[in-house]
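Residues per chain are reported as follows:
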Amino acid sequence: MWTHSPARLLALSVTIAALGPVTASAQDRVRVTSPDGRNQVTIEIRDGALAYSVDRDGRAVLLPSRLGFAFQGAPPLHDGLRIVDTSRSTFDETWTQPWGEVARVRDHHNEVRVSVAEVAAPGRRFVVAFRVFNDGVGFRYELPEQPGLGEFAITDELTEFTLEDDARAWWIPSNRPRLDRSEMLFSSSPVSVLDSVQTPLTMETRDGRTFIVIHEATLVDYARMFLAGPRMQSRTLRAALAPYADGIKVRGRTPFVTPWRTIQLADRATDLAPSLLGLNLNPPSVIQNTSWIKPMKYVGIWWGMHIGTMTWSSGPKHGATTANTKRYIDFAAANGLGGVLVEGWNVGWDGDWIQNRNAFSFTTAYPDYDLAEVARYAHAKGVKLIVHNETSGGIENYERQMDSAFALYHSLGLDAIKSGYVTDFVGEGHSHYGQYMVRHHRRVIEKAAQYGIMLDVHEPIHDAGERRTYPNMMSREGARGQEYNAWSAEGGNPPEHETILFFTRMLDGPMDFTPGIFDILIERGTGRPRRPDEPRPRTTLAKQLALYVVLYSPLQMAADLPENYEHQPAFQFIRDVAVDWDTTRVIAGKIGDYVIVARREKNSPSWYIGAITDEEGRTFDIPLTFLTPGRKYVAEIYADGPGANWLTNPLPVAISQRPVDATSHLHLVLAPGGGQAIRIRPAR
Ligand code: NOJ
Ligand code: CA
């Protein structure tokens, strides 16, 4: 006879738990809404598969989209599933950033954790956690430790994003054999025709009522996510992970959590920025004392190499000489710029430095560069020397030297590195974006934190909010920056470029775009003006100034040669502009057309406004209602001068001042390809 002895009951419950107990809260459909009630996620079992959908104000944004994994050597975790448990929680906390686009961030969300199990043996289990915020949704998978799922190799993540609307997307491709390190120009087209694209992927529904951005957060030990497009079959985007050389996407062992998949939602394009969803989904800082982590502006021995007047390699045009570096340090010190970047200082640049990736030394300087002496000189002048580490993808070569190199820099008081990964494949043919590289970048961030070093990474993996946990991970490239205006075969970035960047790439985090080219015609560099079809910045000079406010970076370069800033009244704006912000407001914007951003400097009453346009001239009327009522301010205005035009006449800047307060309006006139930069400081 069956007796319910306590021992037996215990044994029974253990058995059921292994299969996944059907608890009181288990059901076929689970709903969770955002704190404001506008965003709703439904998680349900449909034909045995787990699916989620997203509604906003009762209208579908994402239709039921399936979830799951395909494994090597094991059946996929995709079908024959049931929901076995759910749990809910609510969270509301405001945290502060050591630096950023805003000082305070509110993390207010409702969470539901849905436990799912295979109906049939071996009954593998996983959890999908959804967090629903007023500004969007994040979800991730958790694979608990269990007998049927230990070590695993993911061949595909089967996450889908099925758009309800054939929304318009702004995208860069992800399926080229060479990905050019995300440094392509953006295209725009309906979701249904997308092939394969990178994230963040920004979309606007056809009725213009909803903006949707798909991206990821907390990318720690996984592969970067791309999106495989529907190619006219449907409106379903599928997660596509960057592979190892052997095609495996992710190797791991339970217990395991994936990055968060994020779906940012907004009513207007201007509400997309600053984007805080991904930061809220990253763990808090693990660096206790962040006082050494400081945003700054910097100049560098850099643009000269890109326009061909200096070289990285040794020889008569070698840029990184002791004397040249001291000249840059003097310039930075005289103009209140915090740092000097020096590229080409270390042995390894001679010959084909991309092929010779393993020849780079990160401790040995060229003979005409006295590292200890320039470090001493910089220190004496109150300027930080930014060390350049180009790896060209020689990952093992870099990792071998990392400890000794970082120890050397630390001993010389150097606390900032600009690194580089000019390569498409790494190691034995692994993707530049796969788990192999995610792990590498994490090792660098941790090692740098250990040695008190700030990072600015070029040719990075896209930003998944690492800066929250490691605030020394400050800026990165990961998009087509100013350098293309020096040498690109297409003749430079088109005037609309930065008006797209703001609503796409910039939503994932800071970018080291390197603004501030004043010698737009590059005549001083080459001895002759460049023709419009040759590479040169396709902006006016005032727009170069506005980019300091529009394109956020805590490490912000004054990219031109110091001699090109001499006797330039407009340079005063670069001296003044802040690099750390309390508040950010996007005043106006249309993706690919224009954007106007106002930001208040951290611990200061001063505001800065940056306005940029594409190839069309535009005028705006801006109310200054964000200023403190009753307070008197002065607006210092750097506008496109008479007749300014990016193509025919990019240089005129009209500088003026006028008293303003919270009741004032500013009338902005932007030239074709132009911009305007404004500093609003308290009246003295
Ligand atoms: C590409 C980077 O974007 C650029 O800033 C750097 O100068 C070169 N690589 C050389 O490392
Ligand atoms: Ca680059």
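Basis of the calculations
Residues numbered from 1 in each chain as written. Chains lettered and ligands numbered in written order. Predicted model: local features only at pLDDT ≥ 70, side-chain atom pairs only at ≥ 80, totals over all residues. Heavy atoms only, no water. Helix = DSSP H or I, 4+ residues; strand = E, 2+ residues; numbered from the N terminus. Rg over C-alpha atoms; globule rule 2.2 N^0.38 Å. Areas by Shrake-Rupley, 256 points an atom, 1.4 Å probe, with all protein chains shown as cover. Salt bridge = Lys/Arg side-chain N within 4 Å of Asp/Glu carboxyl O. Axes fitted to C-alpha atoms, helices over the stretch in contact; angles between N-to-C directions. Parallel < 35°, antiparallel > 145°, perpendicular 65-115°, else oblique. Left-handed = near helix turned anticlockwise from the far one by under 90°. Contact = heavy atoms within 4.5 Å. Nonpolar A, V, L, I, M, F, W, Y, C, P; charged D, E, K, R; others polar. Core = buried A, V, L, I, M, F, W, Y, C linked by side-chain atoms within 4.5 Å. Buried < 20%, exposed > 50% of the residue type's maximum accessible area, 1.4 Å probe, protein only. Domains from an automatic or database assignment. Pairing = 2+ DSSP bridges. Near = heavy atom within 4 Å. Polar contact = N/O pair within 3.5 Å; in protein donor to acceptor, adjacent residues only side chain to side chain. 1 Å grid on protein atoms, 1.4 Å probe; cavity = no way out; pocket = protein on both sides within 12 Å on 5 of 7 lines; lining within 4 Å. Sits in = over half its atoms within 2 Å of the grid points. Expected span 1.5 Å × (residues − 1). Donors = N, O, S within 2.8 Å, 3.2 Å for Na, K, Ca; no water. Tetrahedral: all angles 85-135°; square planar, octahedral: opposite > 155°, others 65-115°. Buried area = accessible area lost by both parts, 1.4 Å probe.

Caption draft 1: Expanded view of the overall build of the chain. In terms of regular secondary structure, the chain is built from 13 helices and 39 strands. What you see for the chain is a C-alpha radius of gyration of 26 Å, in line with the 26 Å of a compact globule of 684 residues. Along the three orthogonal principal directions, the C-alpha set of the chain runs to about 100 × 60 × 45 Å. With the model as given, the accessible surface of the chain reaches about 24,700 Å², and the carbon-plus-sulfur share is 52%.

Caption draft 2: Focus on the pattern of salt bridges. One pass over the full model with this rule turns up 50 salt bridges. K418 serves as the salt-bridge partner of E343, at 2.7 Å between the closest nitrogen and oxygen. Taken as a pair, E343 in the loop between strand 24 (339-342) and helix 5 (371-380) and K418 in strand 26 (residues 416-420) lie far apart in primary sequence, 75 residues in all. Each of R38, R56, D57 and D267 takes part in one network of salt bridges that share partners.

Caption draft 3: Quick peek at the packing of helix 4 (residues 322-334) against helix 5. Where helix 4 contacts helix 5, the axes come no closer than 10 Å and their chain directions differ by 15°. Relative to helix 5, the element helix 4 lies roughly parallel. Crossing of helix 4 against helix 5: the hand is right-handed. From helix 4, T322, T325, K326, I329 and D330 reach across to helix 5, where they touch E373, V374, Y377 and A378. Tallied by class, the residues present in the contact of helix 4 with helix 5 amount to four nonpolar, two polar and three charged.

Caption draft 4: Summary view of the nonpolar core. Judged by nonpolar contacts, the single largest core of 154 residues is most densely connected at Y52, F130 and F406. Counting only domains with at least three residues in this core, you end up with domain 1 (6-280) and domain 2 (296-478). Ignoring anything within four residues of it in the chain, the contact list for F406 reads N389, Y398, I417, V444, K447, A448, Y451 and I453. Counting 28 residues, the second-largest nonpolar core is a separate cluster that includes A266, I500, F502 and A546.

Caption draft 5: Just the sheet that holds strand 2 (residues 39-46), in detail. Read from one edge to the other, the open sheet built from eight strands follows the order 1-2-3-4-12-19-18-15, with strand pairing classed as antiparallel. Looking at which strands have only one partner, the edges of the open sheet turn out to be strand 1 (29-33) and strand 15 (196-197). One ladder, built from five bridges, connects strand 3 (residues 49-56) with strand 4 (residues 59-66); its direction is antiparallel. Bridge pairing in strand 4 links V54 to L62.

Caption draft 6: Layout of the site of ligand 1. In the neighbourhood of ligand 1, 13 residues make up the surrounding shell, with E343, E390, K418, H458 and E483 lying closest. At 2.6 Å, a side-chain N or O of K418 approaches an oxygen atom of ligand 1. Contacts to ligand 1 include E477, whose side-chain N or O atom sits 3.0 Å from an oxygen atom. The site holding ligand 1 turns out to be the second largest pocket. Tallied by class, residues from the shell around ligand 1 come to four nonpolar, three polar and six charged.

Caption draft 7: A look at helix 4. Between the first and last C-alpha of helix 4 there are 18 Å, a value that for 13 residues agrees with the 18 Å anticipated at 1.5 Å per step. The inward-facing, buried residues of helix 4 contact strand 23 (296-301), strand 24, helix 5, strand 25 (384-390) and helix 13 (571-576). Where helix 4 terminates, the next one or two residues include G336, which has phi positive at roughly 70°.

Caption draft 8: Looking closely at the coordination of the calcium ion (ligand 2). Every protein donor of the calcium ion (ligand 2) is accounted for by E183 (OE), E459 (OE), E477 (OE), E477 (OE) and E483 (OE), and the metal-donor separations fall at 2.4 to 2.6 Å. Coordination at the calcium ion (ligand 2) is irregular, judged from the six donor atoms that bind it and the angles of 51 to 157° they form at the metal. Coordination of the calcium ion (ligand 2) draws on donor residues from a single chain, spaced E-x275-E-x17-E-x5-E in sequence. Linking E183 in the loop between strand 13 (168-171) and strand 14 (187-190) with E477 in the loop between strand 30 (473-476) and helix 9 (484-487), this pair joins segments that are 294 residues apart in sequence. Among the residues examined, E183 registers a relative accessible area of 4% and is labelled buried.

Caption draft 9: Focus on helix 7 (residues 435-450). Over its 16 residues, helix 7 runs 22 Å from end to end, which matches the ideal 22 Å to within 8%, given 1.5 Å per residue. Helix 7 sits mainly inside the fold: twelve of its 16 residues count as buried. Taken residue by residue, helix 7 has Q435, Y436, M437, V438, H440, H441, R442, V444, I445, K447, A448 and A449 as its buried positions. In the segment just after helix 7, G452 is the residue with positive phi, at about 65°.

Caption draft 10: Main features of the sheet that holds strand 32 (residues 581-590). The antiparallel open sheet is built from six strands, whose spatial order is 32-33-34-39-36-37. Edge strands, defined here as strands with exactly one partner in the open sheet, are strand 32 and strand 37 (653-660). For this sheet the average axis-to-axis angle between neighbouring strands, irrespective of direction, equals 15°. Both strand 32 and strand 33 (residues 594-601) contribute to a ladder of eight bridges, which runs antiparallel. In the strand pairing of strand 33, V586 is matched with V597.

Caption draft 11: The environment of Y409, seen in detail. Following the sequence through the fold, Y409 ends up in helix 6 (residues 395-411). Its relative accessible area of 1% is what places Y409 among the buried residues. Sequence spacing of Y409 and Y451 is 42 residues, and the spatial spacing of their C-alpha atoms is 8.7 Å. Excluding its chain neighbours within four sequence positions, the residues that come into contact with Y409 are W345, F362, V387, N389, L414, I417 and I453.

Caption draft 12: Region of interest: the pairing of strand 26. Of all five residues in strand 26, five are buried, a share of seventy percent or more. A two-sided burial pattern is seen for strand 26, the buried positions comprising A416, K418 and G420 on one face and I417 and S419 on the other. Taken together, the four bridges between strand 26 and strand 29 (residues 454-457) define a ladder with parallel strand orientation. Directly across from K418, in strand 29, lies its bridge partner D456.

Caption draft 13: Spotlight on the packing of helix 6 against helix 7. Two numbers describe how helix 6 lies on helix 7: the axes approach to 11 Å, and their chain directions differ by 5°. On the basis of their axis angle, the class for helix 6 and helix 7 is roughly parallel. Residues I395, E396, Y398, E399, M402, D403 and F406 of helix 6 lie in contact with helix 7, whose contacting residues are Y436, M437, H440, R443, V444, K447 and A448. Residue composition of the contact of helix 6 with helix 7, by class: eight nonpolar, one polar and five charged.

Caption draft 14: Structural detail: the domain arrangement of the chain. Segmentation of the chain into domains returns domain 1 (6-280) and domain 2 (296-478). The centre of domain 1, based on its C-alpha atoms, is set 35 Å off from the matching centre of domain 2. At the interface, 32 residues of domain 1 touch 31 residues of domain 2. Taken over both partners, the interface formed by domain 1 and domain 2 buries close to 2,700 Å², and the fraction arising from carbon and sulfur atoms is 53%. The three residues of domain 1 that bury the most area against domain 2 are W99, R181 and Y244, which together make up 27% of that side's buried surface.

Caption draft 15: Quick peek at the environment of T90. Among the structural elements, T90 can be located in strand 7 (residues 81-96). Placed 125 residues apart in sequence, T90 and H215 show a C-alpha to C-alpha distance of 23 Å. Setting aside chain neighbours within four positions, we find T90 in contact with H109 and N110. Within polar-contact distance, the side chain of T90 engages the side chain of N110 at 2.9 Å.

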